[in-house]
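Structural features, examined
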Amino acid sequence: MSVTVRVPAKVNVQLAVGAARPDGFHDLANVFLAVGLYDEVTATPSAGGLRITCEGPDAGQVPLDRTNLAARAALALAERHGCDADVHLHIAKDIPVAGGMAGGSADGAGALLACDALWGTGTSRDDLLALCADLGSDVPFSLVGGAALGTGRGEKLTPLEVGGTFHWVFAMAARGLSTPAVFREFDRLGEGRDIPGPVASQPLLDALAEGDPDALAATVSNDLQPAALSLFPELAGTLAAGRAAGALTALVSGSGPTTAFLVRDADAADTVAEALRASGTCRTVRTAPGPVPGATVLDG
Ligand code: ATP
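Residues numbered from 1 in each chain as written. Predicted model: local features only at pLDDT ≥ 70, side-chain atom pairs only at ≥ 80, totals over all residues. Heavy atoms only, no water.

**Some details on the overall build of the chain**
The helix and strand tally for the chain stands at 10 helices and 12 strands. Against the 2.2 N^0.38 benchmark of 19 Å for 300 residues, the chain shows a C-alpha radius of gyration of 19 Å, consistent with a compact globule. Oriented by its inertia axes, the alpha-carbon framework of the chain measures out at about 55 × 45 × 35 Å. Looking at the chain residue by residue over its 300 residues, the buried ones come to 52%. For the chain, long-range pairs separated by at least 24 residues make up 75% of all intrachain contacts whose partners lie at least 6 apart in sequence. Total accessible area computed for the chain in this model is approximately 12,300 Å², and 51% of it derives from carbon and sulfur atoms. (Helix = DSSP H or I, 4+ residues; strand = E, 2+ residues; numbered from the N terminus. Rg over C-alpha atoms; globule rule 2.2 N^0.38 Å. Buried < 20%, exposed > 50% of the residue type's maximum accessible area, 1.4 Å probe, protein only. Contact = heavy atoms within 4.5 Å. Areas by Shrake-Rupley, 256 points an atom, 1.4 Å probe, with all protein chains shown as cover.)

Set out below in structure tokens:
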């Protein structure tokens, strides 16, 4: 018997970052949109304790020890219910690693849901969300999907209405960027400046509710983008190539280095994707719609 859970990646259509708090974290106003690029986590009973395997183009960069977020999720759930984490977790990885699309968080949420179903532990939604928040700021959103405003470190979620499907193109970069390093660069660039408290943009929330891609394109923002570009200046060329090909807007996804391009429809997505491939400014290019549902147990 095994259980497979499919979990989407995310793009931040707004990422407002406050000054560093005394605990080193930053307060955020983070508008998440789940997009149709997925990892699948399969949980199977294992007599030999916890085991992690991974397949996919970036599998070589995924840790297979207890630092893997999927492993940490299984151990946290087992501890919560006083059982042993005798499980083999296999990750079929399609979300880029260290790409700012919450791939590790997706695997954490997927492992929680898969183990809960496999072990029959019947964890309540609230308890699952609390376990997710302990694992990382982006993990609760991977569980719920759709669109949501994240406040605090990003883990306190308010679901958002979305009035239509938005079409995206994502360009994966040749190397990753470490999220903590990008926040450190944000702090360095902001030294001596007064950084306002992060607030969600009402025009952006209205654009989402109306499903209006032009209005969304006019209001997206990412306060981490200058820091990501400072650490990875070549990303400017990728952003320019997507804009030149007709994207409504181009931005760094989360802490990067994946770049995200909002386009009008599925045809425009294909056109912009083709131009980005031809530009030679990125490693791979994918198209995906959003919003899509969060972590979902697949039948059979
Ligand atoms: P975020 O968008 O949430 O900031 P990210 O998408 O940029 O995250 P991840 O793919 O989650 O980055 O990986 C960041 C690091 O976390 C990796 O370099 C890797 O060492 C570690 N990691 C732990 N578990 C996983 C996992 N299941 N998949 C990928 N990376 C993982």
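**A look at the site of the ligand**
Near the ligand, the surroundings consist of 21 residues, among which A98, G100, G104, D107 and D138 are the closest. N68 has a polar side-chain atom sitting 3.0 Å from a nitrogen atom of the ligand. Considering every element that reaches the shell around the ligand, the biggest residue donor is helix α2 (residues 103-119), with 4 residues. The residue inventory of the shell around the ligand, partitioned by class, reads 8 nonpolar, 9 polar and 4 charged. (Near = heavy atom within 4 Å. Polar contact = N/O pair within 3.5 Å; in protein donor to acceptor, adjacent residues only side chain to side chain. Nonpolar A, V, L, I, M, F, W, Y, C, P; charged D, E, K, R; others polar.)

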